[in-house]
Amino acid sequence: MPETRKDRAVPPRQAAARALVVLSGPSGVGKTTVCREVVKRLGLAESTSATTRKIRPGETDGADYYFLSREEFERRIAAGQFVEWAEVFGQLYGTPVEEVERARADGRTLLLEIDVQGGIQIKRKFPEAMAILLLPPEPQALRARLSRRGTEAPEEAERRFAKATEEVATARAAGCYDAEVVNDDLGAAINQVVSIIETRRKRND
Ligand code: 5GP
């Protein structure tokens, strides 16, 4: 097929990156809920990460995560099978290369719900990716939400709370995040994320 002007103007790597949206934020900030709604409203593809952490009740292997042994995860790191990976709360998490390739082949925008370390790696590899940081309204609200969620032991919830402050500081220091959204009202936060992604898409068209 003859190359068009548009093909020439956008190198393939950049074209793929424009279709990547990263959403990060401290644990318990409401990332999963916001992602679910944004994916529905904009028809985005959602990346399924791999992890070494234990499966939680209600989660499905292959849908929520690909649950792997540490050995298998490390083998895949060595084989270059992750676009990014990071150790979070003592467990490994990573975005499989195939997730990005599948979305690219389907011509879909891919949403990555990953931690700040991963978001920074994505932005360094794909500077055109859109990275959004979701923030809690104020620290106490986050602490309350984490303990209410009850998916972790109290010490684990406390550990996640301590990590939250550090994660926001890391994201800001790296200067890799394109936008910050405060989740004090869920509907408003979702609208804001939707509008940020739509604005970026229009600019790229
Ligand atoms: P959880 O164990 O609560 O599902 O996730 C813990 C943290 O790991 C969250 O901040 C989540 O965004 C992050 N996470 C999930 N998948 C990935 C991934 O593929 N890469 C990175 N870097 N972080 C991830």
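Residues numbered from 1 in each chain as written. Predicted model: local features only at pLDDT ≥ 70, side-chain atom pairs only at ≥ 80, totals over all residues. Heavy atoms only, no water.

### Some remarks on the overall build of the protein
What counts here: Strands are runs of DSSP state E lasting at least two residues, helices are runs of H or I lasting at least four, and both sets are numbered from the N terminus onward. Each residue is assigned to one of three classes by its accessible area relative to the maximum for its type, calculated with a 1.4 Å probe on protein chains only: buried under 20%, partly exposed between the two thresholds, exposed over 50%. Residues count as neighbours in contact if any of their non-hydrogen atoms are within 4.5 Å of one another. Residue-level accessible areas treat just the shown protein chains as cover; the underlying method is Shrake-Rupley with a 1.4 Å probe.
When helices and strands are tallied, the protein shows nine helices and nine strands. Burial analysis of the protein (205 residues in total) assigns 46% to the buried set. Residue pairs at least 24 apart in sequence account for 67% of intrachain contacts in the protein once pairs closer than 6 positions are excluded. Of the roughly 11,000 Å² of accessible surface on the protein, a fraction of 50% belongs to carbon and sulfur atoms.

### With respect to the packing of helix H6 (residues 116-125) against helix H8 (residues 154-174)
Formally: What counts as an axis is a line fitted to C-alpha atoms, over the stretch in contact for a helix, and the angles between N-to-C directions run from 0 to 180 degrees. Just so you know how the angles are binned, under 35 degrees is roughly parallel, over 145 roughly antiparallel, 65 to 115 roughly perpendicular, and the rest oblique. Crossing chirality is assigned from the near helix's rotation relative to the far helix, an anticlockwise turn below a right angle marking it left-handed and a clockwise turn marking it right-handed. Under the scheme applied, nonpolar residues are Ala, Val, Leu, Ile, Met, Phe, Trp, Tyr, Cys and Pro; charged residues are Asp, Glu, Lys and Arg; polar residues are all the others, including Gly.
Between H6 and H8, the shortest axis-to-axis distance is 9 Å and the interhelical angle comes to 15°. Taken as axis vectors, H6 and H8 run roughly parallel relative to one another. Crossing handedness for the pair H6 and H8: right-handed. Together, Val 116, Gln 117, Ile 120 and Arg 124 of H6 and Lys 163, Glu 167, Thr 170, Ala 171 and Ala 174 of H8 make up the contact between the two elements. For the contact of H6 with H8, the residue count by class is four nonpolar, two polar and three charged.

### Quick word on the pairing of strand S1 (residues 20-24)
Note the following rule: Pairing between strands is defined by DSSP: at least two bridges between them are needed.
Burial runs high along S1: five of the five residues are buried. The side-chain alternation of S1 yields two buried faces, one formed by Leu 20, Val 22 and Ser 24 and the other by Val 21 and Leu 23. Across four bridges, the pairing between S1 and strand S7 (residues 110-113) is parallel. Directly across from Val 21, in S7, lies its bridge partner Leu 111. Bridge count between S1 and strand S8 (residues 130-135): four bridges; the pairing is parallel. Looking at S8, one finds that Val 21 is bridged to Met 130.

### Considering the side chain of Glu 99
Filter applied, for reference: Residues adjacent in sequence count toward polar contacts only when both atoms are side-chain atoms; beyond that, a polar contact is any pair of N or O atoms within 3.5 Å, and within protein one must be able to donate a hydrogen and the other to accept it.
Of note, Glu 99 is situated in helix H5 (residues 97-106). By relative accessible area, which is 4% here, Glu 99 ends up buried. Here Tyr 66 takes part through its side chain, which lies 3.2 Å from a polar atom of the side chain of Glu 99. For Glu 99, the contacting residues outside a window of four places in its chain are Glu 46, Ser 47, Thr 48, Tyr 66 and Leu 110.

### So, the sheet that holds S1
One open sheet accounts for five strands, arranged S2-S7-S1-S8-S9; its pairing is parallel. If you trace the sheet from one side to the other, it starts and ends with strand S2 (45-46) and strand S9 (179-182), each paired once. Packing of helix H3 (residues 31-42) onto the sheet brings it into contact with S1, S2, S7 and S8, and relative to S7 it is tilted by some 175°.

### As for the environment of Asp 178
Counting through the fold element by element, Asp 178 comes out in the loop between H8 and S9. A relative accessible area of 37% means that Asp 178 is categorised as partly exposed. Through-space distance from the C-alpha of Asp 178 to that of Met 130 is 6.4 Å; in sequence the pair is 48 residues apart. Polar contacts involving the side chain of Asp 178 include one to the side chain of Lys 123, which spans 2.9 Å. Looking at Asp 178, its side chain comes within polar contact range of the main-chain nitrogen of Ala 131, at 2.7 Å.

### Digging into the confidence of the model for the protein
Worth spelling out the cut-off: Confidence of the predictor in every single residue is expressed as pLDDT, which spans 0 to 100.
Mean pLDDT over the protein works out to 88, with 88% of the residues at or above the 70 mark. Note on residues 1-10: pLDDT under 50 across the span, and four contacts to partners over four residues away in sequence or across chains.

### What to know about unusual backbone geometry
With phi around 50°, Phe 89 is a residue other than glycine that occupies positive phi space. Secondary-structure assignment places Phe 89 in the loop between strand S5 (82-88) and strand S6 (91-96). Residue Phe 89 is classed as buried on the basis of its relative accessible area, which comes to 16%.

### Observations regarding the side chain of Asp 115
Residue position: Asp 115 is located in the loop between S7 and H6. Engagement of the side chain of Asp 115 in a polar contact is seen with the side chain of Gln 117, the distance being 2.9 Å. Within the local environment of Asp 115, its side chain forms a polar contact with the backbone nitrogen of Gly 118, the two atoms lying 3.0 Å apart. Leaving out residues up to four positions away in the same chain, Asp 115 has contacts with Ser 24, Ala 86, Val 88, Lys 163, Glu 167 and Tyr 177.

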